[in-house]
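Chain by chain, the residues run as shown.
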2 protein chains.
Amino acid sequence: MSPDELRRARAYLLRVAEPPAAALVAFVAEHGPVEAAARVRRGDCPPEVLKATEARRDYDLVDQDFGRAAAAGARLVVPEDDEWPAWPLLALEQAGRRGVSEAVPPLALWVSGDIALGTAADRAVAVVGARAATSYGEHHAAELAYGLASRGVPVFSGAAYGIDGAAHRGALAAGGVTVAVLGCAVDAGYPAGHVGLLNRIARNGGAVVSEYPPGAPPARHRFLVRNRLIAALTEGTLVVEAGRRSGARNTASTAGALGKVVMALPGPVSSGMSVGCHELIRDARATLVSTVDEVLETVGRFGIAEDQAARTQRPTDRLGPEALRTYEALTVRTDRSDSEIAAESGLPLRKVRALLPALEIDGFAVRGEAGWRRRRETA
Amino acid sequence: MSPDELRRARAYLLRVAEPPAAALVAFVAEHGPVEAAARVRRGDCPPEVLKATEARRDYDLVDQDFGRAAAAGARLVVPEDDEWPAWPLLALEQAGRRGVSEAVPPLALWVSGDIALGTAADRAVAVVGARAATSYGEHHAAELAYGLASRGVPVFSGAAYGIDGAAHRGALAAGGVTVAVLGCAVDAGYPAGHVGLLNRIARNGGAVVSEYPPGAPPARHRFLVRNRLIAALTEGTLVVEAGRRSGARNTASTAGALGKVVMALPGPVSSGMSVGCHELIRDARATLVSTVDEVLETVGRFGIAEDQAARTQRPTDRLGPEALRTYEALTVRTDRSDSEIAAESGLPLRKVRALLPALEIDGFAVRGEAGWRRRRETA
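Basis of the calculations
- Residues numbered from 1 in each chain as written.
- Chains lettered and ligands numbered in written order.
- Predicted model: local features only at pLDDT ≥ 70, side-chain atom pairs only at ≥ 80, totals over all residues.
- Heavy atoms only, no water.
- Axes fitted to C-alpha atoms, helices over the stretch in contact; angles between N-to-C directions.
- Helix = DSSP H or I, 4+ residues; strand = E, 2+ residues; numbered from the N terminus.
- Parallel < 35°, antiparallel > 145°, perpendicular 65-115°, else oblique.
- Left-handed = near helix turned anticlockwise from the far one by under 90°.
- Contact = heavy atoms within 4.5 Å.
- Nonpolar A, V, L, I, M, F, W, Y, C, P; charged D, E, K, R; others polar.
- Buried area = accessible area lost by both parts, 1.4 Å probe.
- Salt bridge = Lys/Arg side-chain N within 4 Å of Asp/Glu carboxyl O.
- Polar contact = N/O pair within 3.5 Å; in protein donor to acceptor, adjacent residues only side chain to side chain.
- Core = buried A, V, L, I, M, F, W, Y, C linked by side-chain atoms within 4.5 Å.
- Buried < 20%, exposed > 50% of the residue type's maximum accessible area, 1.4 Å probe, protein only.

**Digging into the packing of helix H1 (residues 5–16) of chain A against helix H3 (residues 33–41) of chain A**
Residue and element names in this part refer to chain A. As a packed pair, H1 and H3 sit with axes 8 Å apart at the nearest point and diverge in direction by 45 degrees. Here H1 lies oblique to H3, going by the angle between them. Handedness of the H1/H3 crossing: left-handed. Every residue of H3 that contacts H1 at Glu5, Leu6, Ala9, Arg10, Tyr12, Leu13 and Val16 is listed here: Pro33, Val34, Ala36, Ala37, Val40 and Arg41. Of the residues assigned to the contact of H1 with H3, the class counts are ten nonpolar, no polar and three charged.

**Quick word on the interface of chain B and chain A**
Taken residue by residue, the interface counts 19 residues in chain B and 19 residues in chain A. For the pair chain B and chain A, the two sides together bury roughly 1500 Å², of which 60% comes from carbon and sulfur. One can count four salt bridges joining chain B with chain A. One salt bridge connects Arg282 of chain B with Glu297 of chain A, and the closest N-O pair in it is separated by 3.5 Å. In this structure, the connection of chain B to chain A is made through nine residue pairs in polar contact (both at pLDDT 80 or more). Elements with a contribution of two residues or more to the side of chain B that touches chain A: helix H8 (135–150), helix H13 (275–282), strand S9 (287–288) and helix H14 (292–302) of chain B. Ranked by the residues each element gives to the side of chain B that touches chain A, the list is headed by H14 of chain B, at four residues. For the side of chain B that touches chain A, the class distribution of residues is eight nonpolar, seven polar and four charged.

**Structural notes on the nonpolar core**
As a rule of thumb, nonpolar side chains are buried together in soluble globular proteins. By size, the foremost hydrophobic cluster in this structure holds 78 residues, and its most contacted members are Phe156 of chain A together with Phe156 of chain B. For Phe156 of chain B, the contacting residues outside a window of four places in its chain are Ala120, Ala121, Ala124, Val125, Ala126, Val127, Val179, Val181, Leu233 and Thr234 of chain B.

Keep in mind these numbers describe shape, not what the thing actually does.
Structural data, given as structure tokens:
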């Protein structure tokens, strides 16, 4: 399936200027991606757009980009797609109009992983922090991410060593959705020690996301530009550990500027890795959180008001207590045998055996080769 | 020196009703202590006052109270005294008028220790916390109290085991002023393990304070009533460690109700003894502080505005840098030899020997039997 004209235009535009390219994004909004790409290519555009694009406008790497992306299992998600996370990214446009610098939406995103990007970014929370984390920080990052993911909250982070990696691993351990947003291409193999982790994320119901074209190497400024996407794609950002100057604090301040919830975990005052968190809390730029419940309460309190209403209308609400326990013992990804489900749910085996076919009929469970799975649409 | 009529009347009033006795305090404000005492004694007072005083109004223990107090080295400080901390206690009257229950000023205070109570309560900070403290909490309570005391900030606390004791000890170690406000008489010998500490406080430039008459035993409700005095006598209350329910949180909420500054130290989220602090911070009832500088900044920020101005006009401001270092190597309490002062200040011995007589002439230093002391008035 070869990419259509629109997708090719956006792939070209994504490479032709270094994000965040405010003038180019405005030009695309005015003329549409196909015409904008054609005009950029022949230099027929306003001076600011010309300046941002002239160094790369003759590059013809669209076919190569799609080829390398396909090899890496990645696709280009564009604003015209149903799965585009339009609602979360709206915050970037709004902040841009308020004059927040760098608050520019991406022209498209390279995504590796089966999950629809809009689904992954639905009521998600970012868990970020220092690379030089302490074991205290890594432990709590993993615990909080585990707790959030097991309650159905997607966990976003930046795939860096330290807190980011612990957050992704915690969410994976819960069988939940986790998304890594990179400051380099999805196929850059960076950070080297996390290539396996990134593959696990993409293959286990999560996603690896980047606005940089295939092959793009990491760069310091790209991490800062990337941070705006982590902040924008989530409802709130939780800083687990941060030194006095750190990228996580940059994500936090971007989240604040975008009107998202900012949270920080406290720690021992003797720890240099909690100093940044304590400063954010002390200056009332972040709310102190210690537990998963507090994260959910904080996001709900300042976040989407219909949250509670939506929660009370979940399809599982009509299940009886034993059927619900059986359903909750299922995972989306892996088949479980009926005895595993009995052990997990704490229900007698014969009860589980009776309930599973009923759950299948009602559309909650799927019979697989090695047992039973949760039906994805209900999760 | 036998107590005058006024002091005898207040001693009687302090014993006749269990504090905080709002109706009695109002009655005393209306009629003056001497007439009020006489009328209470003969039952000639409004029903509410009668009700609060009838159980004890026939007690004639004034002579005994003064005798026991003298034996314990304590005196009665009354609102008519110059040393009465009228300004800090004004917050209680104001809060009482706003309808804050229990916000009733004391009728007098039994005080053990040479320092003038008003001086001790001048720009003081309360450092309080859990009895079942962790070593983390005790360590930081002592460090913060040490830092505050060495910068001339009196440290108030409640002399309980755990955080309170660590705070008093830290302030003592710095040679600073520390004040213990008790929920029992100054001579009750409570808590038993802190009798030595209380003696050290009273003998080393601090004070032990109580509104309970000599011999009064501790009681649960008295600690809560006492907490209002700790909150009122200080500019701000710092909670170092507190469980979910704790007396320290009671002091903090009283301080908040009195319009004083409330601060809390964060800690590991896994520590049950930091839960109370984290809740105070999370609910914006306390400002997070990690360092002595942050405590001073917080108290100054919300506290007395002339703070900074007063600080720039200290008498020591006119000392040169070496004279200041020499002066700062002196303590108020103990004589130091000139070689000890040289070691402490890091200045050559001959320099110190030249500067000390000059400091004596300018009124900053006092020559003692075993060396040199700081003159108390300049501290």
